[in-house]
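Examining the three-dimensional arrangement
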Amino acid sequence: QVQLVESGGGLVQTGGSLRLSCAASGRTFSSYVMAWFRQAPGKEREFVAAIRWSGGSTYYADSVKGRFTISRDNAKNTVYLQMNSLKPDDTAIYYCAAASYYSRSYYSDSVYPYWGQGTQVTVSS
């Protein structure tokens, strides 16, 4: 069992930045994948970014490439999402997710059995 807790959400103006954190506890593995998804009101949950824990390979949705950066801190068992140049379209609840294995379908939420509670990001125009 893995527990995930997100933090760092808030209200920011267009063009601003936020850094989200996701702290993992419970059973973890030396090689697994963690990801960020987001869900706006009335919309389906969509993939944002993912990182392979051991190798550090990263993957991004086209909508956030060049603006968001996913990273990890092994000592803290924490994954981060640095969000720059934020737009109103980025407004959503951001969820941290984890899986005990890497899949080529890392962009699919069905791959991830572990989820955090989410943190709200609101970008005002």
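This write-up is about the structure you can find in this document.

Cut-offs applied
- Residues numbered from 1 in each chain as written.
- Predicted model: local features only at pLDDT ≥ 70, side-chain atom pairs only at ≥ 80, totals over all residues.
- Heavy atoms only, no water.
- Helix = DSSP H or I, 4+ residues; strand = E, 2+ residues; numbered from the N terminus.
- Rg over C-alpha atoms; globule rule 2.2 N^0.38 Å.
- Buried < 20%, exposed > 50% of the residue type's maximum accessible area, 1.4 Å probe, protein only.
- Contact = heavy atoms within 4.5 Å.
- Areas by Shrake-Rupley, 256 points an atom, 1.4 Å probe, with all protein chains shown as cover.
- Lys, Arg positive; Asp, Glu negative; His and termini not counted.
- Charge placed at Lys NZ, Arg CZ, Asp CG, Glu CD.
- Polar contact = N/O pair within 3.5 Å; in protein donor to acceptor, adjacent residues only side chain to side chain.
- Core = buried A, V, L, I, M, F, W, Y, C linked by side-chain atoms within 4.5 Å.
- Disulfide = S-S within 2.5 Å.
- Phe/Tyr/Trp six-rings, centres within 6.5 Å; stacked < 30°, edge-to-face > 60°.
- Lys NZ or Arg CZ within 6 Å of the ring centre and 35° of its normal.

**Some details on the overall build of the protein**
Regarding its fold elements, the protein presents 0 helices and 11 strands. Sequence-ordered secondary structure for the protein, helices as α and strands as β, is β-β-β-β-β-β-β-β-β-β-β. In terms of C-alpha radius of gyration, the protein reaches 13 Å, essentially the compact-globule figure of 14 Å for 125 residues. Here the C-alpha coordinates of the protein stretch approximately 40 × 25 × 25 Å along the principal axes. Scored against the burial criterion, the 125 residues of the protein give a buried share of 41%. The long-range fraction of contacts in the protein, counting pairs at least 24 apart against all pairs at least 6 apart in sequence, stands at 56%. Summed over all atoms, the accessible surface of the protein reaches about 6,500 Å², with 44% contributed by carbon and sulfur. Taken together, the 12 basic and 8 acidic charged side chains of the protein have centroids lying 7 Å from each other.

**So, the side chain of arginine 67**
Tracing the backbone shows arginine 67 in the loop between β6 (58-60) and β7 (68-73). On the basis of relative accessible area, arginine 67 is assigned to the buried category, the value being 11%. At 2.8 Å, the side chain of arginine 67 and the side chain of aspartate 90 are in polar contact. Among all residues touching arginine 67, those that are not within four sequence positions of it are Gln82, Met83, Asn84, Ser85, Leu86, Lys87 and Asp90.

**Some details on the nonpolar core**
By size, the foremost hydrophobic cluster in this structure holds 39 residues, and its most contacted members are Met34, Trp36, Val79, Leu81, Met83, Tyr94 and Tyr112. Every element with two or more residues in this core is listed here: β1 (2-7), β3 (18-26), β4 (33-39), β5 (46-52), β7, β8 (78-83), β9 (92-99) and β11 (119-124). When residues in this core are grouped by element, the largest group, 6 residues, is from β9.

**Details of the state of the cysteines**
Enumeration according to the criterion identifies 1 disulfide in this entry. Paired through a disulfide, cysteine 22 and cysteine 96 show a sulfur-sulfur distance of 2.0 Å. On the sign convention where negative means left-handed, the S-S torsion of about -85 degrees between cysteine 22 and cysteine 96 marks this disulfide as left-handed. One end of the pair, cysteine 22, is in strand β3; the other, cysteine 96, is in strand β9, with 74 residues separating them in the sequence. In this pair, the class of cysteine 22 matches that of cysteine 96, namely buried.

**A look at the packing of aromatic side chains**
Scanning all chains against the criterion turns up 11 aromatic pairs. For the pair tyrosine 106 and tyrosine 107, a centre-to-centre distance of 5.6 Å together with 80 degrees between the ring planes defines the contact as edge-to-face. Cation over ring: arginine 45 sits above tryptophan 115, and NZ or CZ is 3.9 Å from the ring centre.

**Concerning the environment of glutamine 120**
Mapped onto the fold, glutamine 120 is located in strand β11. Glutamine 120 gets classed as partly exposed once you look at its relative accessible area, which sits at 38%. With residues near it in sequence (within four places) discarded, glutamine 120 still touches Gly9, Gly10, Thr91, Ala92 and Ile93.

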